[in-house]
Amino acid sequence: MKYRRSEPMRALPVVAAGCFGALALVTTVFAQKAETAKQAVPCPGNGGGINVPDGFCATVFADIPGHARHLVVAPNGVVYVNTWSGAYYKTSAPLTDGFLVALRDTDGDGRADVIERFGETPATGAHGGTGIGIHRGALYAEIDDRIVRYALAEGEIAPETPPETIVAGLPVSGDHPMHPFTIDATGHLYVDLGSATNTCEIFNRMPRTRGNDPCTELETRGGIWRYDASKTNQRFSKAERFATGLRNAEGIAVDTAGRIYATQHGRDQLAENWSNLYRPEQGQSLPAEVMVELKQGGDYGWPYCYHDGERQKLVLAPEYGGDGGKAVGICASKDPAVAFFPAHWAPNDLKIYAGTQFPAAYRGGAFLAFHGSWNRAPGPQGGYNVVFQPLADGKAAGPFTVFADGFAGAVKEPGRAAYRPSGLAVGPDGALYVSDDVRGRIWRITYVGGADVTKALSAPAPEGLRPEAGTSAPSLPTPPGSTADQVALGRRIYLGEVGGATCGGCHGSDARGTPVGPDLTSGTWLWGDGSLDSITRTIVAGVPHPKKNLGAMPPLGGVELSQADVAALAAYVWALGHQK
């Protein structure tokens, strides 16, 4: 499919960004004074709804149908995007065209006016993918369980010849079925194979369940596999494992010195599954998300260990004998992190900035796209931003700062966020591209000058109550045998105002569902007939094997609830599903 843009752009001022986070950060001060002399140029548009620092300009490069995951920019400036479908997304308009998208700005106005879709389609049984890259003039892309390669002919935007399969048979089951990748200068293809479980438990995500020991899942998941990017028809096997102990390394990048870095989505549900060891607020703030330097044979700890951001080290996981953060055990021998970030922010991509368009202080540092949390309930969710981490000689050279924010809009929740950063790419001109996998928006960020880049960025704002906390309850029906007061109490329990319940994290504070938990307002019941008794039984027993969504629910949602609390919560859930 091919089409061209014709609608005009609006001209509105860009807004400077604030810096938000869960950690108390010391502000990075940039030392390149000469950069401040650059003359500012106008920035069209309103930043596409996001905020960037003074001196930078964010514009909308494209809005494409589909959930835009990772992206890459070819030397000729064509932007290629991989899109994904599936149960992860709460709502999605049916896609009929290819999952891969080629975008080109032919008139130099900073917005794509040529958009071409190609590749496999839902009609062929495909579901799209995350990973995408350029190597030696060819386009590489993930599609379901494969990495394929498209030849790019001279002057061609979307490839017209069929792809070749580079590697097939990659695992697609479980919690993390995607396959992000990168290719280094020597032609090594590094592929992430995320874990199928939270912490390799005997019963995934269930309370006080011990981990499989040894974790045989590590033979085929939870690490980085390496293949030859020039060789076709390779097959997945245990033999190509390059590094292990990474639960879900969505962001992988190579710097100019050849060092390979990866991010990790840290494990979930410490407090919910181990309430005897962790307070609810610890579940919200642990473990830290990390960035590591990948080395052959490296072991970064998962599932036996997690990174404690307060202690700034790996500690033993409760599934393997941990005591709430004091015990270290075998974690002392695991490879440490290069940098760490607030818990549950979900780093979805990583790029080392090797361009020259941004001020010198950014060069050689890392940009990370944080997709945003769900497991910080009942506290406020975090992430939904792009941060900058300065690096020097392969090490963190100071604390990170929030570079771009405002993606989520009014509510930072996975089911209600307007946009969620998913992919990053640096163009040949040094511009930074950011993708969103809610609505398929692509931003282009450039440095326009006129600001003092040595000026400290704003201090992080404190995290407050959830937006719905303390608000009046909507008018809802009352189930037979219950009272309106019970429904009102159930709402407070649902939102975490009473009992520390985390229902809103999985189902959304509006109960309309997220990628983790189903919509409770639809009147569709997956585990019963919608009666008060069946809802009560589901809350008490939990959902160890979800039918549609990704998140298993522990009994009572992983918190201690009295019989009266359960009765009130069940009444509220019944009311949600029976409202007109």
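Residues numbered from 1 in each chain as written. Predicted model: local features only at pLDDT ≥ 70, side-chain atom pairs only at ≥ 80, totals over all residues. Heavy atoms only, no water.

Engineer: For this particular structure, what's the right way to read the nonpolar core?
Structural biologist: As a rule of thumb, soluble globular proteins bury nonpolar side chains together. Tyr494 and Leu569 are the most contacted members of the largest nonpolar core, which totals 23 residues. Not counting residues up to four positions away in its chain, the partners in contact with tyrosine 494 are Ala501, Cys503, Gly504, His507, Gly508, Ser509, Ala511, Leu520, Leu569 and Tyr572. Listed in part, the 22 residues of the second largest apolar core include Phe56, Tyr353, Ala404 and Phe407. (Core = buried A, V, L, I, M, F, W, Y, C linked by side-chain atoms within 4.5 Å. Buried < 20%, exposed > 50% of the residue type's maximum accessible area, 1.4 Å probe, protein only. Contact = heavy atoms within 4.5 Å.)

Engineer: Would you explain the state of the cysteines in this entry?
Structural biologist: Formally, a disulfide is one covalent bond, and it connects the sulfur atom of one cysteine to the sulfur atom of another. If you walk through the whole model with that rule in mind, you get three disulfides. Sulfur-sulfur distance for the disulfide between cysteine 43 and cysteine 57 comes to 1.8 Å. The chirality of the disulfide connecting cysteine 43 with cysteine 57 is right-handed, given an S-S dihedral of about 80 degrees. Of this pair, cysteine 43 sits in the loop between strand 1 (2-4) and strand 2 (56-63) while cysteine 57 sits in strand 2; the two residues are 14 residues apart in sequence, bridging distant segments of the chain. Residue class for cysteine 43 comes out buried when judged on its relative accessible area of 15%. Paired by a disulfide, cysteine 200 and cysteine 215 hold their sulfur atoms 2.1 Å apart. Residues cysteine 200 and cysteine 215 are joined through a disulfide that is right-handed, its torsion about the S-S bond being 100 degrees. Within this pair, whereas cysteine 200 is found in the loop between strand 12 (188-193) and strand 13 (223-228), its partner cysteine 215 is found in the loop between strand 12 and strand 13, the two being separated by 15 residues in sequence. Using a relative accessible area of 5% as the deciding quantity, one classes cysteine 215 as buried. (Disulfide = S-S within 2.5 Å. Helix = DSSP H or I, 4+ residues; strand = E, 2+ residues; numbered from the N terminus.)

Engineer: Sorry if this is basic, but what is going on with the environment of glutamine 264 here?
Structural biologist: Summarising the element assignment, glutamine 264 is placed in strand 17 (residues 260-264). Considered as a pair, glutamine 264 and asparagine 348 are 84 residues apart in the sequence and their alpha carbons are 8.5 Å apart. Ignoring sequence-local partners within four residues, the contact set of glutamine 264 consists of Gly245, Leu246, Arg247, Asn248, Ala249, Glu289, Val290, Trp302 and Pro347.

Engineer: Mind showing me how you'd approach the sheet that holds strand 11 (residues 181-183) here?
Structural biologist: Sheet strands line up and pair through hydrogen bonds in the backbone, either parallel or antiparallel. Read from one edge of the open sheet, four strands run 11-12-13-15, paired in antiparallel fashion. The open sheet is flanked by strand 11 and strand 15 (241-244), the only strands paired with a single partner. Within the sheet, the average angular offset between the axes of one strand and its neighbour, ignoring direction, is 20 degrees. (Pairing = 2+ DSSP bridges. Axes fitted to C-alpha atoms, helices over the stretch in contact; angles between N-to-C directions.)

Engineer: Help me understand empty space enclosed by the protein, please; the structure alone is not making it clear to me.
Structural biologist: The probe, sized like a water molecule, is rolled over the atoms to show the empty space still left. On inspection of all chains with the given rule, the structure shows four cavities of 30 Å³ or more. Put simply, the second largest cavity is a space of about 150 Å³. Elements represented by at least two residues in the lining of the second largest cavity include exactly strand 18 (289-294) and strand 19 (305-308). Counting residues per element, the lining of the second largest cavity draws most heavily on strand 19, at three residues. Taken together, the residues that form the lining of the second largest cavity break down as 11 nonpolar, four polar and three charged. (1 Å grid on protein atoms, 1.4 Å probe; cavity = no way out; pocket = protein on both sides within 12 Å on 5 of 7 lines; lining within 4 Å. Points joined across faces, edges and corners; volume = space filled by probe spheres on them. Nonpolar A, V, L, I, M, F, W, Y, C, P; charged D, E, K, R; others polar.)

Engineer: Is there a simple way to think about helix 5 (residues 532-541) in this case?
Structural biologist: An α-helix turns once every 3.6 residues. As a result, residues three or four positions apart point the same way. Where helix 5 is concerned, the buried positions are Ser534, Ile535, Thr538 and Ile539. Within helix 5, the buried residues cover an arc of 135 degrees as seen down the axis, which keeps them to one side. Of the residues in helix 5, the exposed ones pointing more than 90 degrees away from the buried face are Asp533, Arg537 and Ala541. Tucked into the core, helix 5 has its buried residues touching helix 6 (563-578). (Arc of directions from axis to C-beta.)

Engineer: In this structure, what is going on with the confidence of the model for the protein? I would like to understand it.
Structural biologist: Interpretation of this model should avoid reading the predicted coordinates in detail wherever pLDDT is low. Residues at a pLDDT of 70 or more form 88% of the protein, whose mean pLDDT is 88. Scored below 50 in pLDDT, residues 3-37 shows 97 contacts in the model against residues more than four places distant or in partner chains. (pLDDT = per-residue confidence, 0-100.)

Engineer: Where do I start with the side chain of arginine 117 in this structure?
Structural biologist: Looking at where arginine 117 falls in the secondary structure, it is placed in strand 6 (residues 114-118). One buried charged residue, arginine 117, remains without a salt bridge, the closest side chain of opposite sign being aspartate 97 at 5.1 Å. There is a polar contact of 2.7 Å between the side chain of arginine 117 and the backbone oxygen of proline 65. Here glycine 98 takes part through its backbone oxygen, which lies 2.8 Å from a polar atom of the side chain of arginine 117. (Lys, Arg positive; Asp, Glu negative; His and termini not counted. Salt bridge = Lys/Arg side-chain N within 4 Å of Asp/Glu carboxyl O. Polar contact = N/O pair within 3.5 Å; in protein donor to acceptor, adjacent residues only side chain to side chain.)

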